[in-house]
Amino acid sequence: WFSPIFVWGGIALGGYKLAGFTMVMNFASHDTRPTYIATANTVDVPASALAPLLAGWLAGQYGYVSLFVVLASIGLLGTVMMWTKVALPHRAIGAE
C-alpha cells in the first residue's frame, strides 16, 4: 500500500520543482535566467538534504504533533509573505 504514497509524492515533487523553475524564469530577465536557475538549484540542494534530518530530529524530540505544527506555521508564513511581499513580475513591469 506504499505504492500510491510514492506515486503521489513523486507527482508532488515534480509539481514543486516545476513551479519553482517557472517562478525563477518569471522573475529573471532573459539574460540572467541561467544564473538565477543555477543559483536557485544550488540553494535548494542543502535545504533538501537537511530538512528531513531536522524534521526527524524534531519528531524524535518533541513528537509528530509538534513537527506538524512547526511545518504548518512555516508554510503559512511563507504563503503570507508571498502574497504580501512579492510583486509579481508581469504586474510590476509588464509582460516581456
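Residues numbered from 1 in each chain as written. Predicted model: local features only at pLDDT ≥ 70, side-chain atom pairs only at ≥ 80, totals over all residues. Heavy atoms only, no water.

Peer 1: Break down the overall build of the protein for me, with residues and values.
Peer 2: Looking only at helices and strands, the protein features 4 helices and 0 strands. Going residue by residue from the N terminus, the α and β elements of the protein occur as α-α-α-α. For the protein, whose C-alpha radius of gyration is 17 Å, the value lies well above the compact-globule estimate of 12 Å for 96 residues. Dimensions of the protein along its principal axes, counting C-alpha atoms only, are 45 × 30 × 25 Å. Counting across all 96 residues of the protein, residues that qualify as buried make up 9%. Only carbon and sulfur atoms are counted for the fraction: they give 74% of the accessible area of the protein, which is about 8,000 Å². (Helix = DSSP H or I, 4+ residues; strand = E, 2+ residues; numbered from the N terminus. Rg over C-alpha atoms; globule rule 2.2 N^0.38 Å. Buried < 20%, exposed > 50% of the residue type's maximum accessible area, 1.4 Å probe, protein only. Areas by Shrake-Rupley, 256 points an atom, 1.4 Å probe, with all protein chains shown as cover.)

Peer 1: How would you summarise the packing of helix α2 (residues 33–62) against helix α3 (residues 64–85) if you had to cite specific residues and measurements?
Peer 2: Orientation of α2 relative to α3, taken along the N-to-C sense of each, is 135 degrees, at an axis distance of 7 Å. Classified by the interaxial angle, the pair formed by α2 and α3 is oblique. In this structure, α2 uses A55, L58, A59 and Y62 to contact α3, whose residues at the interface are Y64, S66, L67 and V70. When the residues that make up the contact of α2 with α3 are grouped by side-chain class, the tally is 7 nonpolar, 1 polar and no charged. (Axes fitted to C-alpha atoms, helices over the stretch in contact; angles between N-to-C directions. Parallel < 35°, antiparallel > 145°, perpendicular 65-115°, else oblique. Contact = heavy atoms within 4.5 Å. Nonpolar A, V, L, I, M, F, W, Y, C, P; charged D, E, K, R; others polar.)

Peer 1: I'd love a proper account of the packing of aromatic side chains, names of residues and values included.
Peer 2: A ring pair, where both rings are aromatic, is described by two values, the distance of the centres and the angle of the planes. For the structure on display, the rule yields 2 aromatic pairs. Centroid distance F2 to F6: 6.5 Å. Interplanar angle 50 degrees. Geometry classified as tilted. Here F6 and F2 lie together in helix α1 (residues 2–27), a separation of 4 residues that amounts to about one turn. Between the aromatic rings of W57 and Y62, the centroid separation amounts to 6.0 Å while the plane-to-plane angle is 85 degrees, which identifies the pairing as edge-to-face. With relative accessibility at 47%, the residue W57 sits in the partly exposed group. (Phe/Tyr/Trp six-rings, centres within 6.5 Å; stacked < 30°, edge-to-face > 60°.)

Peer 1: How would you explain α2 if you had to name every residue and give the values?
Peer 2: Owing to its 3.6 residues per turn, the α-helix aligns residues three or four sequence positions apart on the same side. In this model α2 runs 41 Å from its N-terminal to its C-terminal C-alpha over 30 residues, within 8% of the 44 Å that 1.5 Å per residue would give. Taken as a whole, α2 carries its principal kink of about 30 degrees at L50; the proline P52 stands between one and four residues after it. Residues of α2 that are buried include every one of R33, I37, D44, L58 and A59, and no others. Looking at the packing, one finds that the buried side of α2 touches α1 and α3. (Expected span 1.5 Å × (residues − 1). Bend = angle between axes of the 7 residues up to and from the residue.)

Peer 1: Provide a residue-level description of the side chain of D44, including the pertinent values.
Peer 2: Among the structural elements, D44 can be located in helix α2. At 2.7 Å, the side chain of D44 and the side chain of K17 are in polar contact. With residues up to four places along the chain from it excluded, the contact list for D44 reads Y16 and K17. (Polar contact = N/O pair within 3.5 Å; in protein donor to acceptor, adjacent residues only side chain to side chain.)

Peer 1: Describe a nonpolar patch on the surface, listing the residues and the values that go with them.
Peer 2: On the surface, a nonpolar cluster with roughly 380 Å² of combined accessible area is contributed by M23, F27, M82, V86 and L88. Looking at the secondary structure, you find V86 in the loop between α3 and α4 (89–92). (Patch = residues over 30% accessible without salt bridge, like charges linked within 9 Å, V, L, I, M, F, W, Y side chains within 5 Å. Salt bridge = Lys/Arg side-chain N within 4 Å of Asp/Glu carboxyl O.)

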